[in-house]
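Descriptive analysis of the structure
Read off the chains here:
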Amino acid sequence: MRAQFIGWPEQAMDVLWQLQGEPTHATRERYRADRERLVRQPMIALLNEVADTDPRYEDFSVWHYRTDSWWWQHQGAVIRLGRKIEIGLRFSLDGLRIQGAWWYPDPGQVDMFRKAVASEGSGRELSAIVEDVRKKGYDISGDVMKRPPRGYPTDHSRMSLLRHRSLIAARPLGCEEWLHTPEAVDRVLSAAADLDALLMWLVRHVKCAA
């Protein structure tokens, strides 16, 4: 039977606190089972609840710990919406963070992105979407060229977007009491709605390149 999401237990923070800095192998092993039960499994339960609301959110992964201590201190997860297009979640002592991202593009995807940005209709649409997302408190970042890309006029009105080779919108959702309750599902869904127009634009225009 699938676990229902009821929030991260408050003890989850205690476990992450013990894993700060550069924990020894012995420390990691001591807290491995507690971390799995109190930190990682609630993330899986959360994303199952999110997926139940919209079939687009069904393709998700919740990361294991790997060897770097950072992965023990931060519980990551992604919801894949398209090729290299995803919603990312991260739970840590700082609380919960969300981002919508198109990154690590396949060959040809950057050209597809730039053609859509340069096109009047789709380009104006993306520019308005990015401004709206920024006004909602999201930081806009990505891999951005210092020089204008070749083949486009240097005075193009959307040159700031044309220089992007990836596009990320991110913000912290907070570290308040709701993290320990089912309300976290609603918080994630609300943020996903904030990012929906941006991510769906990317799904439409930055398809898997041949």
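So, here is what we can say about the structure in this document. Note on numbering: residues in each chain are counted from 1, in written sequence order. With pLDDT at 70 or above as the cut-off, local features in this predicted model cover only qualifying residues; side-chain atom pairs require 80 or more to be listed or tallied, and sums for whole chains, interfaces and linings still use all residues. Calculation of side-chain values draws on the structure's entire complement of heavy atoms; hydrogens and water are dropped beforehand.

Thoughts on the packing of helix α4 (residues 109–118) against helix α5 (residues 120–135)
Relative orientation and spacing of two packed helices are given, respectively, by the angle between their axes and the distance between those axes. Only the stretch in contact is used when a helix axis is fitted, and all axes are lines through C-alpha atoms; the angle between N-to-C directions ranges over 0 to 180 degrees. A run of H or I in DSSP counts as a helix once it spans at least four residues, and a run of E counts as a strand once it spans at least two, with each numbered from the N terminus. Contact geometry of α4 with α5 gives a least axis separation of 5 Å together with a crossing angle of 95°. With respect to each other, α4 and α5 are oriented roughly perpendicular. Contacts from Phe113, Ala116, Val117 and Ala118 in α4 reach Glu120, Ser122, Gly123 and Leu126 in α5. For the contact of α4 with α5, the residue count by class is five nonpolar, two polar and one charged. For classification purposes, angles smaller than 35 degrees are called roughly parallel, those larger than 145 roughly antiparallel, those between 65 and 115 roughly perpendicular, and all remaining angles oblique. In what follows, a contact means two residues having at least one pair of non-hydrogen atoms within 4.5 Å. Polar here means any residue other than Ala, Val, Leu, Ile, Met, Phe, Trp, Tyr, Cys and Pro, which are nonpolar, and Asp, Glu, Lys and Arg, which are charged; Gly is therefore polar.

A short note on the side chain of threonine 27
With respect to the element layout, threonine 27 can be found in helix α2 (residues 25–53). Here a polar contact is recorded for every N or O atom pair within 3.5 Å, except that within protein the pair must consist of a potential hydrogen donor and a potential acceptor, and residues adjacent in sequence are included only if both atoms are side-chain atoms. At 3.0 Å, the side chain of threonine 27 forms a polar contact with the side chain of threonine 24. The residues contacting threonine 27, other than those within four sequence positions of it, are Gln18 and Leu19.

Some details on the packing of aromatic side chains
Pairing of aromatic rings covers Phe, Tyr and Trp, the last counted by its six-membered ring, and requires centre-to-centre distances within 6.5 Å; plane angles under 30 degrees mean stacked, over 60 mean edge-to-face, and any other angle means tilted. Evaluated as defined, the whole model comprises seven aromatic pairs. Measuring from centroid to centroid gives 5.0 Å for tryptophan 70 and tryptophan 71, while their planes differ by 80°, and the two rings are edge-to-face. Residue tryptophan 70 is classed as partly exposed on the basis of its relative accessible area of 34%. Using a 1.4 Å probe on the protein chains alone, a residue whose accessible area is under 20% of its type maximum counts as buried, one over 50% counts as exposed, and one in between counts as partly exposed. The exposure class of tryptophan 71 is partly exposed, given its relative accessible area of 21%. Within the aromatic cluster, the residues linked to one another by ring pairs are Phe5, Trp8 and Phe91. A ring has a charge above it when a Lys NZ or an Arg CZ is no more than 6 Å from the ring centre and no more than 35 degrees off the ring normal. When the ring centre of tryptophan 63 is taken as origin, the NZ or CZ atom of arginine 66, which lies over that ring, is 5.6 Å away. When the ring centre of tryptophan 71 is taken as reference, the NZ or CZ atom of arginine 66 above it lies at 4.0 Å.

Thoughts on the sheet that holds strand β4 (residues 95–102)
Spatially, the six strands line up as an open sheet ordered β1-β2-β3-β4-β6-β5, and their pairing is antiparallel. The outermost strands of the open sheet, each flanked by one partner alone, are β1 (60–62) and β5 (139–141). Direction aside, neighbouring strands of the sheet carry axes that sit 15° apart on average. Strand pairing is assigned whenever DSSP identifies at least 2 bridges connecting the two strands. Alignment of β5 against strand β6 (residues 167–174), held across three bridges, turns out to be antiparallel. Across the sheet, residue aspartate 139 finds its bridge partner in β6, namely alanine 170.

Structural notes on the side chain of arginine 40
Among the structural elements, arginine 40 can be located in helix α2. Excluding residues that lie within four positions of it along the chain, arginine 40 makes contacts with Arg35, Val62, Trp63, His64, Tyr65 and Gln75.

Some words on the environment of isoleucine 6
When you line up the elements, isoleucine 6 lands in the segment before α1 (11–18). Sequence-wise, isoleucine 6 and proline 42 are 36 residues apart; in three dimensions their C-alpha atoms are separated by 7.9 Å.

Structural measurements only, silent on function.
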